[in-house]
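Single-letter residue listing:
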Amino acid sequence: MLMKKSKISYPTKCIVENYLTKIFNGLTNNCLSQSINTIGFNSDCRNQPGAMGVLPITVNSITGVDVPFMINDKKNDKGTVAVIAQDPLRNPNDPMLIPFSPFFANPIVGTPFAIHYEEAKYPQTNVYRLIIDGLLNKGYDVYVTDVWKCWDKYSTFRRSKWNPNNLHFQCLLDEFASIMPKYVILMGNVANTKINNRVFLQSLYNSFSIIKTIHPSGAANRAWAKILPDCQADKKADYILNLIP
């Protein structure tokens, strides 16, 4: 379990805001500020429904945006590991989203793996918290972001080819240039195919070592069973952590 109330920060807030204003019509700079104030600056600290922000625009279906975060331990000196997830999925049946239902009129802003919520509210995130905690214990700072900066049921805001004209493509390039990771862990096929894309790699401003992994979720247990005798969260986390020196 991730240490209670680890400090989190949002070092790429301005970068992500810049692209959100291009993805969603009607947004302005600082569009994430109010949401971050709601989410807070500590992990594992929220436990009530509705501890999410919203973007001040209306949408036609449930829509999610995650603010990339950093956990920085001042004692760590081995550099930064970036963990790349797929997208900020929102489940309309999520009890923590009840205050926004039934219309879900605004994009709901949270954190990757719901890191600002207590694990008990999102037990399926246990494996990711184990990975983050293990990386911190190894001496790394940890940055977590998504390939797609937003998610909605109909993929309205993430359609288009993955190329230098794609806003999500451009945003990730700028995020990597800002945080300068030493290693990048790609969680699952979407992260693997997008980051390992030849054009994307040629567009990078900086270099890093890529660690490809099977998606840690239970949905991928059939693939995990081919390499692990036990598909429990701690075994998956240990396997991934062993890929990082």
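Scroll up for the structure.
Asks: Tell me about the overall build of the protein chain, residues and numbers included.
Replies: When helices and strands are tallied, the protein chain shows eight helices and nine strands. Over its C-alpha trace the protein chain gives a radius of gyration of 17 Å, about what one expects of a compact globule, namely 18 Å for 245 residues. In terms of overall dimensions, the protein chain has C-alpha extents of about 45 × 40 × 40 Å along its principal axes. For the protein chain, the proportion of its 245 residues judged to be buried stands at 52%. The average position of the 26 basic charges and that of the 18 acidic charges among the side chains of the protein chain differ by 5 Å.

Asks: Describe helix α4 (residues 167-179), with residues and values.
Replies: Along its 13 residues, α4 runs 18 Å from first to last C-alpha, staying within 8% of the 18 Å computed at 1.5 Å per residue. Among the residues of α4, those classed as buried are His 168, Phe 169, Cys 171, Leu 172, Leu 173, Glu 175, Phe 176 and Ile 179. Near the N-terminus of α4, the side chain that reaches the backbone nitrogen of His 168, with its oxygen 2.8 Å away, is that of Asn 166. One or two positions beyond α4, positive phi appears at Met 180, with a value near 50 degrees.

Cut-offs and rules
- Residues numbered from 1 in each chain as written.
- Predicted model: local features only at pLDDT ≥ 70, side-chain atom pairs only at ≥ 80, totals over all residues.
- Heavy atoms only, no water.
- Helix = DSSP H or I, 4+ residues; strand = E, 2+ residues; numbered from the N terminus.
- Rg over C-alpha atoms; globule rule 2.2 N^0.38 Å.
- Buried < 20%, exposed > 50% of the residue type's maximum accessible area, 1.4 Å probe, protein only.
- Lys, Arg positive; Asp, Glu negative; His and termini not counted.
- Charge placed at Lys NZ, Arg CZ, Asp CG, Glu CD.
- Expected span 1.5 Å × (residues − 1).
- Polar contact = N/O pair within 3.5 Å; in protein donor to acceptor, adjacent residues only side chain to side chain.

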